[in-house]
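The lines below spell out each chain.
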Amino acid sequence: MTAAARGGAGEGAAAPRRRGRPSRTQSAEGPAMRDRILEAARTEFSARGYEKTSVRGIAKAAGVDSALVHHYFGTKEQVFASAIEVAFAPALEAPAAVEEGPLDAVGERLTRFIFGVWENPATRVPLLAIVRSAVNNDKAAAVFRRLIVTQLLGRVARRIDRPDAELRAELAAAQLVGTAMLRYVIQVEPLASADPEVIIARIAPVVQGHLTGP
């Protein structure tokens, strides 16, 4: 092959992109592309759980190359962390319920808020996916635990301002999470079909005792 032929063969050929670097078109989409991948990740984790979800599967669902998923998020664990933080965002507003009124009614406010999140189908579905993944995989559990401790329990503890506040917040959370697990995940009867107001009336005083009791 002549030098001219070799030069002609190279003309118009796209230069190889570095792994993980988006194309100009993909870069131009910016946040929209990132959100598309994140939505696909939430769907995949919800449908398959952490163990069976792969970066390749997330990329396929989003209609992008798997290198692009790595570019925006890194490892599968990091994708999961980003996905659950968005899905868990409604529950992360719980600390606000702690400070919105007097401490002697904080148990009912917090209980009502948490069960309001679980009772709403739009927020319950991603929460179920998070909990199921955390129960079945150690890495997913570690990510979920970090989110709970730093973004939820720590903030609640700071706002109740009591001795051993962190333990109090964790005990209150255990009461709420345990009840939610039996009702929405394991679906134990008659708890699974009980009126939410009945559950709140029974649980709220216990939560109150954990947070502000002796």
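Being a predicted model, the structure only gives us computed values, none of them experimental.

Another point: the packing of aromatic side chains. Evaluation of the coordinates by the stated rule reveals six aromatic pairs. Measuring from ring centre to ring centre gives 5.9 Å for Phe-45 and Tyr-50, while their planes differ by 10°; the resulting arrangement is stacked. By relative accessible area, Phe-45 is classed as buried at 5%. The buried category is assigned to Tyr-50, whose relative accessible area is 5%. When the centroid spacing of 5.1 Å and the interplanar angle of 80° are considered together, the rings of Tyr-50 and Phe-80 count as edge-to-face. Remark: Phe-80 occurs in helix α6 (residues 76-87) and Tyr-50 occurs in helix α3 (residues 31-52); sequence separation between them is 30 residues. Through a chain of ring-to-ring contacts, three or more aromatic side chains come together here, namely Phe-45, Tyr-50 and Phe-80.

Looking now at the nonpolar core. One finds Ile-37 and Phe-88 to be the most contacted residues of the largest nonpolar core, which totals 57 residues. Broken down by element, the residue count for this core peaks at ten residues, all from helix α10 (residues 138-160). If we ignore the near neighbours within four places in the chain, the residues touching Ile-37 are Ile-58, Ala-62, Val-64, Leu-68, Val-69, Tyr-72 and Phe-73.

In this structure, Val-98 sits in helix α7 (residues 94-99). Residue class for Val-98 comes out buried when judged on its relative accessible area of 2%. With 58 residues separating them in the primary sequence, Val-98 and Val-156 have C-alpha atoms 6.9 Å apart. Aside from chain neighbours lying at most four places away, what touches Val-98 is Val-106, Arg-109, Leu-110, Val-156, Arg-159 and Ile-160.

For the rest of this paragraph, the subject is the packing of α10 against helix α11 (residues 165-185). Packing of α10 against α11 leaves a shortest axis separation of 8 Å and a crossing angle of 120°. When the axis of α10 is compared with that of α11, the two are oblique. Here α10 and α11 pass one another in a crossing that is right-handed. Within the contact between the two elements, α10 uses Leu-153, Val-156, Ala-157 and Ile-160 and α11 uses Ala-165, Glu-166, Arg-168, Ala-169, Glu-170 and Ala-173. Of the residues that constitute the contact of α10 with α11, the class distribution is seven nonpolar, no polar and three charged.

Let us now look at the confidence of the model for the protein chain. Of all residues in the protein chain, 86% attain a pLDDT of 70 or more, and the chain-wide mean is 80. Highest mean pLDDT in the protein chain belongs to helix α12 (residues 196-212) (94); lowest belongs to helix α1 (residues 3-10) (46). Below pLDDT 50 for its whole length, residues 2-21 participates in nine contacts with residues either more than four positions away or in separate chains.

This part is about the pattern of salt bridges. All chains considered together, the criterion is met by six salt bridges. Here Arg-112 and Glu-108 are joined by a salt bridge, their closest N and O atoms 3.2 Å apart. Placement of both Arg-112 and Glu-108 in helix α8 (residues 106-119) is noted, with a separation of four residues, approximately one turn of the helix. Looking at Arg-112, the relative accessible area reads 35%, which means it is partly exposed. Given the relative accessible area of 40%, Glu-108 is considered partly exposed. Between Asp-164 and Arg-168 there is a salt bridge, and its shortest N-O distance comes to 2.9 Å.

Each value, and the rule that gives it
Residues numbered from 1 in each chain as written. Predicted model: local features only at pLDDT ≥ 70, side-chain atom pairs only at ≥ 80, totals over all residues. Heavy atoms only, no water. Phe/Tyr/Trp six-rings, centres within 6.5 Å; stacked < 30°, edge-to-face > 60°. Buried < 20%, exposed > 50% of the residue type's maximum accessible area, 1.4 Å probe, protein only. Helix = DSSP H or I, 4+ residues; strand = E, 2+ residues; numbered from the N terminus. Core = buried A, V, L, I, M, F, W, Y, C linked by side-chain atoms within 4.5 Å. Contact = heavy atoms within 4.5 Å. Axes fitted to C-alpha atoms, helices over the stretch in contact; angles between N-to-C directions. Parallel < 35°, antiparallel > 145°, perpendicular 65-115°, else oblique. Left-handed = near helix turned anticlockwise from the far one by under 90°. Nonpolar A, V, L, I, M, F, W, Y, C, P; charged D, E, K, R; others polar. pLDDT = per-residue confidence, 0-100. Salt bridge = Lys/Arg side-chain N within 4 Å of Asp/Glu carboxyl O.

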